[in-house]
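Topology and contacts: notes
Chain by chain, the residues run as shown.
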Amino acid sequence: MEKERKLIIAGNWKMNKTVAEALDLVADIKRDLREVKEVDIVVCPPFTALSEVSKAILNTNLRLGAQNMNENNFGAYTGEIAAGMLKEFSVRFVILGHSERRQYQKETDELIAKKALAVHTASLKPIVCVGETLTEREAGKTEKVLQTQVRGSLSTLSKGQMEETILAYEPVWAIGTGKTATTNQAQEAHLFIRRLLLDMFGETVARRVRIQYGGSVKPSNARDLMSQPDVDGALVGGASLEARSFADIIKNSI
Ligand code: PGA
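Worth saying up front: this structure is predicted, and the values here are computed from it rather than measured.

**What about the packing of aromatic side chains?**
Applying the stated criterion across every chain, the model contains 1 aromatic pair. Ring plane angle 55° and centroid distance 6.3 Å describe the contact between tyrosine 169 and tyrosine 213, whose orientation is recorded as tilted. With tyrosine 169 in strand S6 (residues 166–169) and tyrosine 213 in strand S7 (residues 210–214), this residue pair connects regions lying 44 residues apart in the sequence. For tyrosine 169, a relative accessible area of 0% translates into the label buried.

Quick look at the structure:
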């Protein structure tokens, strides 16, 4: 499948995997996906496994991502992690504004925008998540919500920074529920987001930014989702916790 933008598929392990489990998983992923060059592959373990996973994927086609980052460089922020600490482990990507953090940690678009700028300042790349809840979709508010989140979460970025940012459209009702957006629903939302980017950052940026789909992506639906013109990859939760399903998602997407 020939795509305009290179696919980027990331596994978000969330709060799963001890160091030993993470090393087992990544050893299998590494073996299964050794030959893949067509897709940028990212694994996002919990902070505690970054160090070991980083060593395990040295000189491979796998890249490392973190699941969050603080917007400050250092200081009295108990329990938080700064960019410089992630860079010690060759982290390249940082997931920001995941719906679970928006929900449980009450992260706002304004905070996510600050974090996105901090991620770029450290020469890392943010994966900024947006998406509507079921109530919002059913009330016909999907576009309104996406517009608020996209404008708010990216407001601090220059054109150059935006071009290096990855967006993830993750309808909240599809995350961890086994319900996936239909290919039409996904394409519609992605196109809407790309039009917002066009309006905010101009044509070149809008054309280059990669937008991942997230929400119950699995081997059986990956191909159809990735075949949509504005779907440029996936952010995978549950199915990334097992090497076989993560590898199959990637192989089926090529
Ligand atoms: P899921 O999670 O694949 O388990 O639905 C996706 C995500 O939260 O990024």
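**Let's talk about the layout of surface pockets**
In this model, the largest pocket occupies a volume close to 450 Å³. In this structure, the largest pocket is lined by 19 residues; those nearest its centre are Lys14, Met15, Gln67, Asn68 and Arg101. Secondary-structure elements contributing two or more residues to the lining of the largest pocket are helix H2 (47–56) and helix H4 (99–104). Its residues placed into classes, the lining of the largest pocket shows 7 nonpolar, 8 polar and 4 charged.

**Some points on the sheet that holds strand S8 (residues 233–236)**
Strand order in the closed barrel formed by 8 strands is S1-S2-S3-S4-S5-S6-S7-S8, with parallel pairing between adjacent strands. Across the sheet, the axes of successive neighbouring strands diverge by a mean angle of 25°, strand direction being ignored. In terms of strand pairing, strand S2 (residues 39–44) meets strand S3 (residues 62–66) through 3 bridges, oriented parallel. Residue valine 42 lies in a different strand from S3, and its bridge partner there is arginine 63. The sheet contacts of helix H12 (residues 243–253) involve strand S1 (7–12), S2 and S8, and relative to S1 the element is tilted by about 170°.

**Brief notes about the pattern of salt bridges**
Applying the stated criterion across every chain yields a total of 20 salt bridges. Between glutamate 4 and arginine 5 there is a salt bridge; the shortest N-O distance is 3.7 Å. A salt bridge links arginine 210 to aspartate 40; the shortest N-O distance between them is 2.7 Å. A residue pair is termed long-range when its members are at least 10 positions apart, and arginine 210 in strand S7 and aspartate 40 in strand S2 qualify at 170 residues. Using a relative accessible area of 15% as the deciding quantity, one classes arginine 210 as buried.

**What about the environment of leucine 124?**
The residue leucine 124 is located in the loop between helix H5 (109–121) and strand S5 (125–130) in this model. Given the relative accessible area of 3%, leucine 124 is considered buried. The residues contacting leucine 124, other than those within four sequence positions of it, are Met69, Ala83, Lys87, Val91, Arg92, Val94 and Val119.

**With respect to the packing of helix H1 (residues 19–32) against H2**
With their axes 9 Å apart at the nearest point, H1 and H2 run at an angle of 35° to one another. Seen along the crossing, H1 lies across H2 with a hand that is right-handed. Two secondary-structure elements touch here, H1 through Val19, Ala22, Leu23, Val26 and Lys30 and H2 through Thr48, Ala49, Glu52, Val53 and Ala56. Here the residues of the contact of H1 with H2 are counted per class, giving 7 nonpolar, 1 polar and 2 charged.

**What to know about helix H11 (residues 219–226)**
Within the sequence span of H11, burial applies to Asn221, Ala222, Leu225 and Met226. Down the axis of H11, the buried side of the element spans an arc of 125°, and every buried residue falls inside it. On its buried side, H11 packs onto S1, helix H9 (183–201), S7, S8 and H12.

Conventions used here
Residue numbers run consecutively from 1 along every chain, following the written order of its sequence. The predicted origin of the model limits local features to residues at a pLDDT of at least 70 and limits the giving and counting of side-chain atom pairs to 80 or more, whereas totals for whole chains, interfaces and linings rest on all residues. Only hydrogens and water are set aside; all other atoms, that is, all heavy atoms of the structure, feed into the side-chain values. Put simply, two rings from Phe, Tyr or Trp (the six-membered ring, in Trp's case) pair if the centres are within 6.5 Å, and we call them stacked under 30 degrees between planes, edge-to-face over 60, tilted for the rest. Under the scheme used here, helices are H or I runs from DSSP no shorter than 4 residues and strands are E runs no shorter than 2 residues, and both carry numbers assigned from the N terminus. Relative accessibility thresholds used throughout: buried, under 20% of the residue-type maximum; exposed, over 50%; partly exposed, between the two (1.4 Å probe, protein chains only). The method works on a 1 Å grid over the protein atoms by themselves. A cavity is a set of points holding a 1.4 Å probe that cannot get out, a pocket is an open set with protein on both sides within 12 Å along at least five of seven lines, and residues with an atom within 4 Å of a point line them. Grid points are joined across faces, edges and corners, and a volume is the space filled by probe spheres set on the points. Under this grouping Gly is polar, as are all residues other than the nonpolar Ala, Val, Leu, Ile, Met, Phe, Trp, Tyr, Cys and Pro and the charged Asp, Glu, Lys and Arg. Being paired, for any two strands, means DSSP has found at least two bridges between them. A fitted line through C-alpha atoms serves as each axis, taken over the contacting stretch for helices, and the angle formed by two N-to-C directions is quoted from 0 to 180°. Every residue pair with non-hydrogen atoms within 4.5 Å of one another is taken to be in contact. Each salt bridge in this description consists of a side-chain nitrogen of Lys or Arg and a carboxyl oxygen of Asp or Glu lying within 4 Å of one another. Crossing handedness: left-handed means the near helix sits turned counterclockwise from the far one by under a right angle, and right-handed means the same turn made clockwise. In this context, the arc is that of the directions from the helix axis out to the C-beta atoms.

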